[in-house]
Amino acid sequence: MTSFILSAIKAMPTDDYVGFTFFVGTMAMMAASAFFFLSINMVEGKWKTSLLVSGLITFIAAVHYYYMRDYWAEVGESPTFFRYVDWTLTVPLMCVEFYLILKAAGAKTGLLWKLIWASVVMLVAGYIGEAVYPAQAAMWGLFSGIAYFYIVYLIMFGEAKALADKSSASVQRAHGILCKFVLIGWAIYPLGYMIGTGEGQWYSFLQGAVDMDVIYNIGDAINKIGFGLVIYSLAVSKD
Ligand SMILES: *C/C=C(C)/C=C/C=C(C)/C=C/C1=C(C)CCCC1(C)C
């Protein structure tokens, strides 16, 4: 803890937006986790697991942010490895949220596995493009994007959408908002990726417009905490 605070102070220069967003991100994810975990006992039994998963998503992110902030302060480079480990744990858990709210309408684990596999393909391809073969970032980003659009397809037009249509009004509403998070909120990430990997690519005009990690950090705050709040408001709704 002491080294956390000391390196936080060291990284305090007012123009270190990356360090600042890692720091604020750590706190926001911790606060959100406390909120979701403490809410578990205030909601009906059928929503407890969903809220637990919301808390796990922000808690896993909080721990990774703690390390990413430190890595940034010490090494001064993008903590790509921690970033992708975090996403590989939390994005499948976001898929679990879709499955859990649609379970009452008959969601099968087959749908869950499709979402999870697509998200793993999306993230592994992104990691390869960022960390292994940056010269081919455009190609790996495209693979990743195809998996992303498959997820969008499943939840907005495919199997998951059909189940949502059979669900209660409050589940339908929650599903609709979660879909918008995936369609709009998750689209922040490919933008960050293009800004961070632009060197020598067709999209090099985007390179360095903003720091990639600032974009990823904003995306994570919106998506992880936002997702959890949608689940929370579903869990406390009356129908
Ligand atoms: C909590 C973390 C979340 C919701 C992370 C989501 C990440 C993505 C949707 C990443 C998508 C990417 C593409 C669609 C193409 C370029 C590579 C990625 C991995 C940044």
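Residues numbered from 1 in each chain as written. Predicted model: local features only at pLDDT ≥ 70, side-chain atom pairs only at ≥ 80, totals over all residues. Heavy atoms only, no water.

Participant: Which residues make up the overall build of the chain, and what values do they have?
Facilitator: Scanning the chain for helices and strands turns up ten helices and zero strands. Of the regular secondary structure in the chain, the N- to C-terminal order runs α-α-α-α-α-α-α-α-α-α. For the chain, the C-alpha radius of gyration of 18 Å lies close to 18 Å, the compact-globule estimate for 239 residues. Dimensions of the chain, computed from the C-alpha atoms along their principal axes, are close to 50 × 40 × 25 Å. (Helix = DSSP H or I, 4+ residues; strand = E, 2+ residues; numbered from the N terminus. Rg over C-alpha atoms; globule rule 2.2 N^0.38 Å.)

Participant: Could you give an account of the pattern of salt bridges, with specific residues and numbers?
Facilitator: Across all of its chains, the model carries six salt bridges by this definition. A salt bridge links Arg83 to Asp213; its shortest N-O distance comes to 2.7 Å. Of this pair, Arg83 sits in helix H4 (residues 80-102) while Asp213 sits in helix H10 (residues 212-236); the two residues are 130 residues apart in sequence, bridging distant segments of the chain. Both residues of the pair, Arg83 and Asp213, belong to the buried class. One connected set of salt bridges, linked through shared partners, spans Arg83, Asp213, Asp220 and Lys224. (Salt bridge = Lys/Arg side-chain N within 4 Å of Asp/Glu carboxyl O. Buried < 20%, exposed > 50% of the residue type's maximum accessible area, 1.4 Å probe, protein only.)

Participant: So what's going on with the site of the ligand? Which residues, and what values?
Facilitator: Near the ligand lie 17 residues; those nearest to it are Met122, Ser144, Tyr189, Asp220 and Lys224. When isolated, the ligand has an accessible area of 530 Å², and the protein chains bury 99% of it. Given that more than half its atoms are within 2 Å of the pocket grid, the ligand belongs to the largest pocket. Counting residues per element, the shell around the ligand draws most heavily on H4, which supplies five residues. (Near = heavy atom within 4 Å. Areas by Shrake-Rupley, 256 points an atom, 1.4 Å probe, with all protein chains shown as cover. 1 Å grid on protein atoms, 1.4 Å probe; cavity = no way out; pocket = protein on both sides within 12 Å on 5 of 7 lines; lining within 4 Å. Sits in = over half its atoms within 2 Å of the grid points.)

Participant: Just give me the short version of the packing of aromatic side chains, but keep the residues and values in it.
Facilitator: Between two aromatic rings, the relevant description is the distance of the centres plus the angle of the planes. Throughout the structure, instances matching the rule amount to 19 aromatic pairs. Measuring from centroid to centroid gives 5.1 Å for Trp202 and Tyr203, while their planes differ by 90°, and the two rings are edge-to-face. Judged by relative accessible area, Trp202 falls into the exposed class, the value being 62%. Residue Tyr203 is classed as buried on the basis of its relative accessible area, which comes to 2%. In textbook terms, an aromatic cluster arises when at least three aromatic residues are bridged by ring pairs, as seen for Tyr66, Tyr67, Tyr71, Phe81 and Phe82. (Phe/Tyr/Trp six-rings, centres within 6.5 Å; stacked < 30°, edge-to-face > 60°.)

Participant: So, the state of the cysteines: which residues are in play, and what are the values?
Facilitator: Per the stated rule, a full pass over the model turns up zero disulfides. You can see Cys95 has no disulfide; the closest cysteine sulfur is in Cys179, sitting 12 Å from it. Taking relative accessible area as the criterion, Cys95 reaches 2% and is therefore assigned buried. (Disulfide = S-S within 2.5 Å.)

Participant: Any chance you could break down the nonpolar core for me, citing the residues and the numbers?
Facilitator: Among the nonpolar cores identified, the biggest contains 74 residues, and Ile101, Val182 and Trp186 are the most heavily contacted of them. In terms of residue count, the dominant contributor to this core is H4 (twelve residues). (Core = buried A, V, L, I, M, F, W, Y, C linked by side-chain atoms within 4.5 Å.)

Participant: Describe the side chain of Arg83, and please don't skip the residues or the numbers.
Facilitator: Using a relative accessible area of 1% as the deciding quantity, one classes Arg83 as buried. Here Asp213 takes part through its side chain, which lies 2.7 Å from a polar atom of the side chain of Arg83. Other than its neighbours up to four places away in sequence, Arg83 contacts Phe22, Tyr65, Met68, Asp213, Tyr216, Asn217 and Asp220. (Polar contact = N/O pair within 3.5 Å; in protein donor to acceptor, adjacent residues only side chain to side chain. Contact = heavy atoms within 4.5 Å.)

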